[in-house]
Structures are given as structure tokens and as C-alpha cells.
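# Structural description and commentary
Letter by letter, the chains look like this.
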Amino acid sequence: MESHVYHIPVMLFPSVDGLNIKQSGTYVDVTLGGGGHSREILRRLGPQGRLFSFDQDQDALKQVQSDSERSGITFCDGRTAASEGTTAPQWTLVQSNFRYLKNWMRYYDIDHIDGLLADLGVSSHHFDEASRGFSFRNDAPLDMRMNQRSGQSAADVVNSYSAEQLTSLFRVFGELRQAHRLAELIVKARKQHDIQTTGELVSLLSPALAPAAQKKDLARIFQALRIEVNHEMDALREMLEAATELLAPGGRLVVLSYHSLEDRMVKNLMRSGNIQGDIHQNIYGHIDSTLKPVGKAQNATPEEQEANPRSRSVTMRVAEKTEES
Ligand SMILES: C[S@@+](CC[C@H](N)C(=O)[O-])C[C@H]1O[C@@H](n2cnc3c(N)ncnc32)[C@H](O)[C@@H]1O
């Protein structure tokens, strides 16, 4: 691993404030990354409190474990922080896709949680670590898997999907006007030989992009492939449904999203209690939902956007569980 700042947490204080932390509560951070949000949650928990932090990328867990051990927190089973004396809340790291949230909570005997935070997408580490293939700025194998032990890579998608499938993912996940043209270029080029590296993909597709928008469009092409490779929309839907069930009445759900489709899912759920956004009204004409939004959607402040460009595209939403589902 190269030495760089793993990730600067986005909207750190507003998002952790949104959890409305009870000192003895049980919380889940489903996107550990560099551990910025998790550490702030721990700071606000008392000795009876509990935090579970998930990440499917082993780099995130390794980094947080070694940072924590350097500052005196030891992990007894490699994953659960030993509560030395009675002063530290219990902190459990889970290397898993967050779509399995319900299974893991069952495994740890947790029926209800008091809050869950999700800071979606990839961390800066993913872009900075050239060999992972997330960045169009470096030449590397077309990988883009957050969990390096699982499933298809970006090369598999690019070399095996039909023109229609590629068009659809560039259009839906990348919001690219020239989706069809990009798909055609890929299908034609791979008849000669497979496309194996980010550099090959960039050289192939760049001529089809307007020079003024080239970087933005390349970022969208890479984002679209990444979302497909990691099944990000399916995982988000499953996690949000599980979170809604697991939250105790009064429990909080805080989501930071960076893509309009993610945000739409979150907004639907928080308004209506279901991902589709179907509004059901009770006999008094009130929305019948187990979640209610807390405040409006928020963005990072201009100061944060200036200091951390990654925060420019974030939308934060908070909801509270109203009753048992
Ligand atoms: C934006 S970063 C989180 C940064 C973190 N909040 C911090 O302050 O450092 C998102 C992290 O979530 C992880 N991730 C994304 N989707 C995931 C999923 N479906 N399951 C588990 N981890 C996931 C990524 O590997 C990445 O490390």
C-alpha cells in the first residue's frame, strides 16, 4: 500500500450528529473506509455502547486495525476491540458486503440497532491505489472490485457484456448521452483482442468524448463500470431494507450518497418506508411509513467543498424510525 491519507471523512459532524447518539446504544457504520465516521461515533459512545463497522474491502479493515493498535486499541479476536477496563465501547469490525447486514446482526445476537450510517461508494484510497483500477488517470488492470476476493472484474464486464447491456449501464449508471456509441466502440475493439487495462479503455473511448468534457465523461464511464462490477444498487437496496427493519423506534438512519440513483432510493425509503417510494396513507390521510425524514437533504458547506473536492457531490439524508416494522 502506498502512503497517502486513506480518506477524508465527508460531512463528519453533521452526519454523526444525525445519528443522535445515545451513549449506551448500538450503532452500525456500514462503510468503514478510513474509519473517520466510526471513530467519531466511538468518541460519543459510553462504555456500554457498541459499534459494528463493515467494509467489504480488506484494505480498509487492515488500515483501521493498524491505526487503532498504534493508538492503544487492541482487537481481541482480530475484529472486536477489547474493552480495556470499562472505559471503551465495544467495537467490532466486519469484513463483509453490507447487503448481509441482517445475517451479521443475527450472528452477533443483535435484535435492534439505534442508528446506522452509510457513506456510500468508494474511498479516496481506491482512486489513489493505482493497481485497483478505479481511476482513469492511471494505467492498471481493469479490476474495480471493492472486495478483491469476489466475482467479476471490470475487464469481465467490458469483454463479455452485450452492446445493449453496456449501453444500458453507461446510460443508467453513467448518465452518458453517448452510451450507445461507447458500447459499440468496445464491442468492435474486443473482436481484435480483450480490453485488459484502464489505459486501453481510456485510449479507445476518449476520441468519442468532447475534449471539454473528457475528464468528466471518463469519470462517469469508470463510475458506471464500478457500480455494475460491485452490484452497488442491489447491495444498497438490500441494506436499506434490512436497516429499516433493524432500527429500534427512535433509531436513526443517516445516508451520504454521491449518485442520483442512490439518492433517489434513499429519498423514496425515507419518505414512504419503501424503496419504490409508494406512498400509503392511513385513514387520517397521513403517510403510513415506519420512517420519517428528519430535516431536509443537506450538502457539504462551501468551505468543506473547497477543502475536500469529494464532498461536492454528496447528499446527506436522515430519517428516524417511528415504530416497530
Ligand atoms: C466513502 S468510503 C467510506 C469512508 C468512511 N466513512 C471514512 O470516513 O473514512 C466507502 C467505503 O465503503 C465500502 N463499501 C462500499 N460499498 C460497500 C458494500 N456494499 N459493503 C461493504 N462495504 C462497502 C468501500 O469499500 C469504502 O471503503
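Structural data are supplied above this passage.
These remarks concern the structure in this document. (Residues numbered from 1 in each chain as written. Predicted model: local features only at pLDDT ≥ 70, side-chain atom pairs only at ≥ 80, totals over all residues. Heavy atoms only, no water.)

Here we take up the overall build of the chain. Each helix and strand counted, the chain has 13 helices and seven strands in total. Expected size for 325 residues packed as a compact globule is a radius of gyration near 20 Å; at 21 Å, the chain falls within 12% of this value. Expressed as lengths along the three principal axes of its C-alpha atoms, the size of the chain is roughly 60 × 55 × 40 Å. Residue burial in the chain is summarised as follows: out of 325 residues, 53% are buried. Taking the contacts inside the chain whose residues are at least 6 apart along the sequence as the reference set, 68% of them involve residues at least 24 apart. (Helix = DSSP H or I, 4+ residues; strand = E, 2+ residues; numbered from the N terminus. Rg over C-alpha atoms; globule rule 2.2 N^0.38 Å. Buried < 20%, exposed > 50% of the residue type's maximum accessible area, 1.4 Å probe, protein only. Contact = heavy atoms within 4.5 Å.)

A few words on unusual backbone geometry. For Met11, which is not glycine, the phi dihedral falls at a positive 45°. Inspection of the secondary structure puts Met11 in the segment before helix H1 (12–18). Positive phi, normally seen in glycine, also occurs at Glu175, with a value near 50°. By relative accessible area, Glu175 is classed as partly exposed at 42%.

The next subject is the environment of Gly49. As for its placement among the helices and strands, Gly49 is situated in the loop between helix H2 (36–44) and strand S2 (50–55). Judged by relative accessible area, Gly49 falls into the buried class, the value being 1%. Between the C-alpha atoms of Gly49 and Ala88, which are 39 residues apart in sequence, the distance is 8.3 Å. Among residues more than four places away in sequence, those in contact with Gly49 are Gln23, Ser24, Gly25, Pro89 and Gln90.

So, about the pairing of S2. Among the six residues in S2, six count as buried, and that is most of the element. Side-chain alternation along S2 places Arg50, Phe52 and Phe54 on one buried face and Leu51, Ser53 and Asp55 on a second face that is also buried. Note that strand S1 (residues 26–29) and S2 share four bridges and pair parallel. Paired with Tyr27 across the bridge in S2 is Leu51. As paired elements, S2 and strand S3 (residues 90–95) share six bridges and run parallel to each other. Within S3, the position partnered with Phe54 by the bridge is Val94. (Pairing = 2+ DSSP bridges.)

Relative to the elements of secondary structure, Glu304 occurs in helix H13 (residues 302–307). Here Glu304 sits buried without a salt bridge, and the closest side chain of opposite charge, Arg310, lies 9.0 Å off (N-O distance). (Lys, Arg positive; Asp, Glu negative; His and termini not counted. Salt bridge = Lys/Arg side-chain N within 4 Å of Asp/Glu carboxyl O.)

Turning to the sheet that holds S2, a few remarks are in order. One open sheet accounts for seven strands, arranged S3-S2-S1-S4-S5-S7-S6; its pairing is mixed. Where the open sheet ends on each side, the last strands, each with one partner, are S3 and strand S6 (291–293). In this sheet, neighbouring strand axes are inclined to one another by 20° on average, regardless of whether the strands run parallel or antiparallel. Helix H11 (residues 232–246) rests against strand S4 (113–119), strand S5 (247–257), S6 and strand S7 (315–321) of the sheet, and its axis sits at about 155° to S5. (Axes fitted to C-alpha atoms, helices over the stretch in contact; angles between N-to-C directions.)

The subject of this paragraph is the site of the ligand. Looking at the ligand, there are 25 residues lining it, with Gly34, His37, Asp55, Phe98 and Asp119 nearest. One nitrogen or oxygen atom from the side chain of Asp55 is found 2.7 Å from an oxygen atom belonging to the ligand. Here a nitrogen atom of the ligand and a backbone polar atom of Phe98 are 2.8 Å apart. (Near = heavy atom within 4 Å. Polar contact = N/O pair within 3.5 Å; in protein donor to acceptor, adjacent residues only side chain to side chain.)

Below, the discussion takes up the packing of aromatic side chains. One pass over the full model with this rule turns up five aromatic pairs. Taking the centre distance of 5.1 Å and the plane angle of 50° together, the rings of Phe52 and Tyr108 count as tilted. Residue Phe52 is located in strand S2, and its partner Tyr108 is located in the loop between helix H4 (101–107) and S4; the two are separated by 56 residues in the primary sequence. Owing to a relative accessible area of 0%, Phe52 belongs among the buried residues under this scheme. On the basis of an interplanar angle of 80° and a centroid distance of 5.6 Å, the ring pair of Trp104 and Tyr107 is categorised as edge-to-face. Taken together, the residues span about one helical turn, with Trp104 and Tyr107 both in helix H4 at a distance of three residues. Judged by its relative accessible area of 61%, Tyr107 is exposed. One aromatic cluster is present, built from ring pairs that chain together Phe52, Trp104, Tyr107 and Tyr108. In this structure, Arg310 is placed above the aromatic ring of Tyr258, and the distance from its NZ or CZ to the ring centre is 4.4 Å. (Phe/Tyr/Trp six-rings, centres within 6.5 Å; stacked < 30°, edge-to-face > 60°. Lys NZ or Arg CZ within 6 Å of the ring centre and 35° of its normal.)

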